[in-house]
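# Residue-level structure breakdown
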Amino acid sequence: MRIATWNVNSIRSRLEHVKIFLKDNNIDILGMQELKTEEKHFPFEDFKSLHYYVEVFGQKAYNGVALISRFQFEKVDRNVLVESEARTILGVVRGIHILNVYFPHGGEYGSERFFYKLEFYQKIKNYILKNDFLNTDFILMGDFNVAKDPIDVWDPVALNGTIGFMKEEREAITDLMSVGLIDAFRYLYPDVQEFTWWDYTGGSFRRNWGMRIDYILISKSLLPKLKNCYIEKTFRKLEKPSDHVPVVLELLD
DNA sequence: ATGGTTGTGCAACAA
């Protein structure tokens, strides 16, 4: 089974890229972030005709998350934190709880958005603990908007203290993972430097000035089923790409 | 270089 996450930066602008990705990577379940559309403009039929079940939590212009799956959803819960912004959707597929999250960008140090981001991390942690997901087959994936360790950024010295690599942000993601969530990519490849996001400005992708801010975290019970986790960098090379690329988790059936 | 790029939706904001 192949489960993926991708910040598409507008589903209506990225629909053709997503279709190529699903086909070429034989994806069973995909969590998307930054749909930038309300449900009424989401391209449901495009995914249904590819034989996916579709669950969307949209919002006008900003945010928005979705889960699509080749297997029926046993349960769906939009907006698990009951926030005004569309950032979370939970689906249960084949007995696995999959929580797809678009963590806040946060903005500058000390800003209102910065504190919102840190509080959001705390709320996600509390929600997971409260529902006892760590003792089940559980996946937390999405755009975390934080690079956890120095290996996860192109230049830890230059980026120290900048958005996505501040001490407080790194502590927040470390604290969340410390409850017992395993970073699938890092678990398999402890010393490999790969990125999932490159800024649109300044030729960042060409220079490989990137950060790994998109993750798939799994609970301990899924570890025996972990086959692979890879980052599909090629989608950043296409015309009009998202600034993020997909991350794929392969589980044994 | 107080820059640079993309998307929504039509000016300004968010990323």
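Presented here is an overview of the structure given in this document.

Procedures and definitions
Residues numbered from 1 in each chain as written. Chains lettered and ligands numbered in written order. Predicted model: local features only at pLDDT ≥ 70, side-chain atom pairs only at ≥ 80, totals over all residues. Heavy atoms only, no water. Buried < 20%, exposed > 50% of the residue type's maximum accessible area, 1.4 Å probe, protein only. Helix = DSSP H or I, 4+ residues; strand = E, 2+ residues; numbered from the N terminus. Arc of directions from axis to C-beta. Contact = heavy atoms within 4.5 Å. Near = heavy atom within 4 Å. Polar contact = N/O pair within 3.5 Å; in protein donor to acceptor, adjacent residues only side chain to side chain. Pairing = 2+ DSSP bridges. Axes fitted to C-alpha atoms, helices over the stretch in contact; angles between N-to-C directions.

Our focus in this paragraph is helix H5 (residues 167-177). Within H5, burial applies to Glu169, Ala172, Ile173, Leu176 and Met177. Seen from one end, H5 has its buried residues packed into an arc of 130°, which puts them on one side. In the core, the buried residues of H5 are packed alongside helix H3 (112-130), strand E8 (138-143), strand E9 (182-183) and strand E12 (214-218).

Close to DNA strand B lie 17 residues, the nearest being Ser10, Arg14, Lys60, His105 and Tyr200. In the interface set of DNA strand B, defined as its atoms within 4 Å of the protein, sugar plus phosphate atoms amount to 87%. At a separation of 3.4 Å, a phosphate oxygen of DNA strand B approaches a polar side-chain atom of Ser13. Between Arg14 and DNA strand B, the recorded distance is 3.1 Å, taken from a side-chain N or O atom to a phosphate oxygen. Residue contributions to the surface near DNA strand B peak at three residues, all from helix H1 (residues 11-24).

Bringing the pairing of strand E7 (residues 96-102) into the picture now. Of all seven residues making up E7, seven are buried, and the element is well covered by its neighbours. By the alternation rule, side chains of E7 split into Ile96, Ile98, Asn100 and Tyr102 and His97, Leu99 and Val101, which are all buried. Both strand E6 (residues 88-93) and E7 contribute to a ladder of six bridges, which runs antiparallel. Directly across from Ile89, in E7, lies its bridge partner Asn100. Between E6 and E7, which follow one another and run antiparallel, lie two residues, and Arg94 among them has a positive phi close to 50°.

Before going further, it helps to examine the sheet that holds strand E14 (residues 247-251). Read from one edge of the open sheet, six strands run E3-E4-E2-E1-E14-E13, paired in mixed fashion. Each edge of the sheet is formed by a strand with only one pairing partner; in this case those strands are strand E3 (53-57) and strand E13 (226-231). Pairwise comparison of adjacent strand axes, ignoring direction, gives a mean angle of 10° for this sheet. Of the strands in this sheet, strand E1 (2-7), strand E2 (29-33), strand E4 (65-69) and E14 are in contact with H1, which crosses E2 at around 155°.

So, about the side chain of Asp143. Along the chain, Asp143 turns up in strand E8. In this structure the side chain of Asp143 is engaged in a polar contact, spanning 2.9 Å, whose partner is the side chain of Asn7. Apart from the residues within four sequence positions on either side, Asp143 is in contact with Asn7, Gln33, Val101, Tyr102, Phe103, Ile213, Asp214 and His244.

Note that every value here comes from positions in space, so none of it alone points to a role or purpose.
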